[in-house]
Amino acid sequence: DLDAQVLRTPSPPEVSFGDDPLRMMRAARFVAQLAFVPTPEVFAAMRDLAASIEIVSAERVRDELVKLVCAPYPRLGLTLLVQTGLAERVLPELPALALERDEHHRHKDVYEHTLTVLEQTMELEHRLPGGGPDFVARFAALMHDVGKPRTRRFLGDGTVTFHHHDVVGAKLTRKRMKALRFSNDQIDAVSALV
């Protein structure tokens with residue numbers, strides 16, 4: 001499995017994830033850290049048991065999310081969270097972006113655009129104090145357009161606007177980070193960037 005870069009649970013995934021649902025988040029983190037691919041059985045169990053993540057404390061979910069976002073390949077882990085339905089439970093603002101198109105129609109959807117912005121942020125982290133990975137910068141990149149679904153308006157000429165999506169996005173970011181029990185300093189820093 002290591003040679004093949006495959007992620008498999010030591011016991012059946014339903015048992016492993018049933019014993020501790022946080023292991024599903026950990027699986028996504030391993031994907032983000034190692035660029036491994038989960039087996040179909042692991043993927044199916046994550047999808048089928050996604051709702052059970054709600055019994056895990058917000059602090060434990062937060063810690064895994066931070067590790068995933070700060071990993072070398074966060075797009076892979078975040079994509080797995082979205083595809084399995086886990087993101088709907090721990091970061092619902094992210095899959096909601098897949099329903100939006102940007103106002104200039106340059107991107108397939110705002111979700112893909114957001115993942116691209118995250119990767120572009122990572123490429124510039126060397127310019128930050130400490131050189132990265134920088135959770136605040138990465139999470140702000142991830143959340144920068146979460147206000148778009150609530151502010152989308154269609155104009156008579158067929159164009160779409162998202163006026164004040166930054167303000168709405170900052171409020172949504174603050175709410176999500178509070179729910180995940182982030183520190184006030186982190187909440188303030190990310191919200192200000194959003």
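Quick notes on the rules
- Every chain begins its residue count from 1, and numbering advances along the sequence as written.
- Thresholds applied to this predicted model are a pLDDT of at least 70 for local features of residues and 80 or more for the giving and counting of side-chain atom pairs; totals over whole chains, interfaces and linings are not thresholded and use all residues.
- By convention in this description, side-chain values take in all heavy atoms of the structure and omit both hydrogens and water.
- Burial here depends on accessible area, computed with a 1.4 Å probe over protein chains only, as a share of the maximum for the residue type. Under 20% is buried, over 50% is exposed, and the range in between is partly exposed.
- Note on aromatic contacts: the rings of Phe and Tyr and the six-membered ring of Trp form a pair at centre separations within 6.5 Å, being stacked when their planes are under 30 degrees apart, edge-to-face when over 60 apart, and tilted otherwise.
- Labels follow the DSSP assignment, with helices taken as runs of H or I lasting at least four residues and strands as runs of E lasting at least two, numbered in each case from the N terminus.
- The term salt bridge refers to a side-chain nitrogen of Lys or Arg lying within 4 Å of a carboxyl oxygen of Asp or Glu.
- A 3.5 Å cut-off defines polar contacts: any pair of N or O atoms within that distance qualifies, except that in protein one atom must be a possible hydrogen donor and the other a possible acceptor, and neighbouring residues in sequence count only when both atoms are side-chain atoms.
- Any two residues having at least one pair of non-hydrogen atoms within 4.5 Å are treated as being in contact.

Caption draft 1: Looking closely at unusual backbone geometry. A cis geometry characterises the amide bond from Gly132 onward to Pro133, with omega recorded as 0°. We note that Arg181 has phi near 65°; this positive angle belongs to a residue other than glycine. Of the residues examined, Arg181 reaches a relative accessible area of 47% and is grouped as partly exposed.

Caption draft 2: Examining the packing of aromatic side chains more closely. Going through the model one piece at a time under the given rule, you end up with three aromatic pairs. Measuring from ring centre to ring centre gives 5.4 Å for Phe135 and Phe182, while their planes differ by 10°; the resulting arrangement is stacked. Of this pair, Phe135 sits in helix α9 (residues 135–143) while Phe182 sits in the loop between α11 (165–179) and α12 (184–193), placing them 47 residues apart in sequence. Considered together, Phe135 and Phe182 belong to a single accessibility category, that of buried residues. Pairwise contacts between aromatic rings join Phe135, Phe139 and Phe182 into one cluster.

Caption draft 3: Just the pattern of salt bridges, in detail. Taken as a whole and judged by the stated rule, the model has 14 salt bridges. Put simply, Arg176 and Glu93 hold a salt bridge, and the shortest N to O gap is 2.9 Å. Remark: Glu93 occurs in helix α7 (residues 93–96) and Arg176 occurs in helix α11; sequence separation between them is 83 residues. By relative accessible area, which is 11% here, Glu93 ends up buried. Put simply, Asp188 and Arg174 hold a salt bridge, and the shortest N to O gap is 3.0 Å. One end of the pair, Asp188, is in helix α12; the other, Arg174, is in helix α11, and 14 residues separate them in sequence. Its relative accessible area of 30% is what places Arg174 among the partly exposed residues. Three or more residues joined by partner-sharing salt bridges are found here, namely Arg26, Arg29 and Glu64.

Caption draft 4: Structural context of the side chain of Asp145. With respect to the element layout, Asp145 can be found in the loop between α9 and α10 (148–151). In terms of polar contacts, Asp145 uses its side chain to reach the side chain of His113, at 3.3 Å. Not counting chain neighbours up to four residues away, the residues in contact with Asp145 comprise Leu97, Val110, His113, Thr114 and His165.

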